[in-house]
Amino acid sequence: MRRLTPLLLAALLAPAPAFAAKYFMYVGSYTQGTSKGIYGWTFDSKDGSLNSLGLMAETPQPAHVWIAPDGKTLYTVNWEHEGGVSAYRIDAHTGALTFLNKTSSHGAEPNQVVVDPSGRVAVTVNYTSGTLAAYRLEPDGKLGEAFYVDQHTGKPLSPKQPGPKQHGIQFSKDDKFMFITDLGLDRVYSYRFDAAAPSIAPFDPPYVSTHAGAGPRRIQMSPDGKFLYVDHETDSEVGVYSINGGALKEIQVIGTVPEDAKAHNTTAELVISPDGRFLYVGNRGHDSVSVFAIDRKTGMLTLKENVPSGGRTPRNVRIDPTGNWFFAANENGGNVTEFRIDHATGHLTPTGVTAPINTPGGIYFLKVK
């Protein structure tokens, strides 16, 4: 019998590395066609393989999904004229979703729901009505009644824009501030936030304006909490802001596609790599993903390349928890496509692995127990 060396024995007894974990991948969808709600897959982050779990929850228009920090509850918007937000208990062993409750979004066509870092509050923004609503979360994960509702008002800076259209949510790393993008007013709003109270109050000044007609859509913060990145849907750009508490200062605006592609392109979702070195933006029309290098000291972006998204209209993008894999939900392509991330260059290499789903929306991962 072969004798194990101390080094080999230690290697065999060591816990499996994080990249070898298995996850559930949940994907929301738009249900005007054949899709019926939230779908699921198991995802092996060691080799990138996906295995379908089928329909996890039948619900109308779950365009965007989010999982609470403790991994016990999944929340989704219901992107309807009389909008709603729904909560589901997650079985961490099987991935099964059990409906908990549904409440009004206090507006029309909610397009994002986000849980704050403490896990105490969920916030949704309504695109058509230009309103936001914040809910206390109950111990069992259910949505409580909204304790804060805000209606944005104002005159658009450009005839391109229709008026208040809220679209994106981001909490600060210390959970003391909340930032909201308003596409139709060309504004990025700041709020003071207290999850324990809970309370939300407009910051002073309450917002900063982008240039006229930019259409700020979604919003992401650098891992160190120093910079905010906002994609401009209408003008196919990204705006970069330095952060001082709730105060924002624009320091850069940079395009996401070649100039001749802007006329038929709109940006969608953006995401930052866990190491803070790269930012990715989905382009609808150009059907690509912009790859930007981030200068972590200054926050400034450099466009490196545009990688085909593997389908039409990449509405949502997501990086898996290990930071090794990138996913694009191609709304009009009927698929979610997978890419391997090069950590040195940020380059995305398609793996050929796809998840077929009609009109996919938001993506979220949860580690299997």
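Refer to the structure above for everything that follows.
These numbers come from a predicted model, not from an experiment. (Residues numbered from 1 in each chain as written. Predicted model: local features only at pLDDT ≥ 70, side-chain atom pairs only at ≥ 80, totals over all residues. Heavy atoms only, no water.)

Considerations on the environment of Thr349
Structurally, Thr349 can be placed in strand E27 (residues 348-356). Taking C-alpha positions, Thr349 is 42 Å from Pro139, a pair spaced 210 residues apart along the chain. Beyond its immediate chain neighbours, meaning those up to four positions away, Thr349 contacts Glu338, Phe339 and Arg340. (Helix = DSSP H or I, 4+ residues; strand = E, 2+ residues; numbered from the N terminus. Contact = heavy atoms within 4.5 Å.)

Describing the sheet that holds strand E25 (residues 325-330)
Spatial ordering of the open sheet is given by E24-E25-E26-E27, a layout of 4 strands whose pairing is antiparallel. Of all the strands in the sheet, just strand E24 (314-319) and E27 have a single pairing partner and so form its edges. For this sheet the average axis-to-axis angle between neighbouring strands, irrespective of direction, equals 25°. (Pairing = 2+ DSSP bridges. Axes fitted to C-alpha atoms, helices over the stretch in contact; angles between N-to-C directions.)

Regarding the sheet that holds strand E8 (residues 110-115)
Reading across the sheet, the 4 strands line up as E8-E9-E10-E11 and stay open at both edges, with antiparallel pairing between neighbours. Of all strands in the sheet, those bounded by a partner on one side alone are E8 and strand E11 (143-151). Looking at each pair of strands side by side, their axes are set apart by 20° on average, direction ignored. With 6 bridges connecting them, strand E10 (residues 131-137) and E11 associate as antiparallel partners.

Some points on the pairing of strand E15 (residues 199-209)
Of the pairings in the sheet, the one linking strand E14 (residues 187-194) to E15 comprises 7 bridges and is antiparallel in character. Directly across from Arg192, in E15, lies its bridge partner Ala201. Hairpin remark: E14 followed by E15, antiparallel, with 4 residues in the connecting loop.

Overview of the side chain of Asn78
Relative to the elements of secondary structure, Asn78 occurs in strand E5 (residues 73-78). At 2.7 Å, the side chain of Asn78 and the backbone oxygen of Pro60 are in polar contact. When near neighbours in sequence (up to four residues on either side) are disregarded, Asn78 contacts Thr59, Pro60, Gln61, Gly83, Gly84, Val85, Ser86, Lys102 and Pro110. (Polar contact = N/O pair within 3.5 Å; in protein donor to acceptor, adjacent residues only side chain to side chain.)

Side note on the pattern of salt bridges
Any two side chains of opposite charge can pair, on the condition that their charged atoms come close. Under the criterion given, the structure shown has 8 salt bridges. When the shortest N-O distance is used, the salt bridge between Glu233 and Arg217 registers 2.9 Å. Taken as a pair, Glu233 in the loop between strand E17 (227-232) and strand E18 (237-244) and Arg217 in strand E16 (residues 216-221) lie far apart in primary sequence, 16 residues in all. Taken individually, Glu233 and Arg217 each receive the classification buried, so the pair is uniform in this respect. In this structure, a network of salt bridges that share partners links the residues Arg217, Glu233 and Arg284. (Salt bridge = Lys/Arg side-chain N within 4 Å of Asp/Glu carboxyl O. Buried < 20%, exposed > 50% of the residue type's maximum accessible area, 1.4 Å probe, protein only.)

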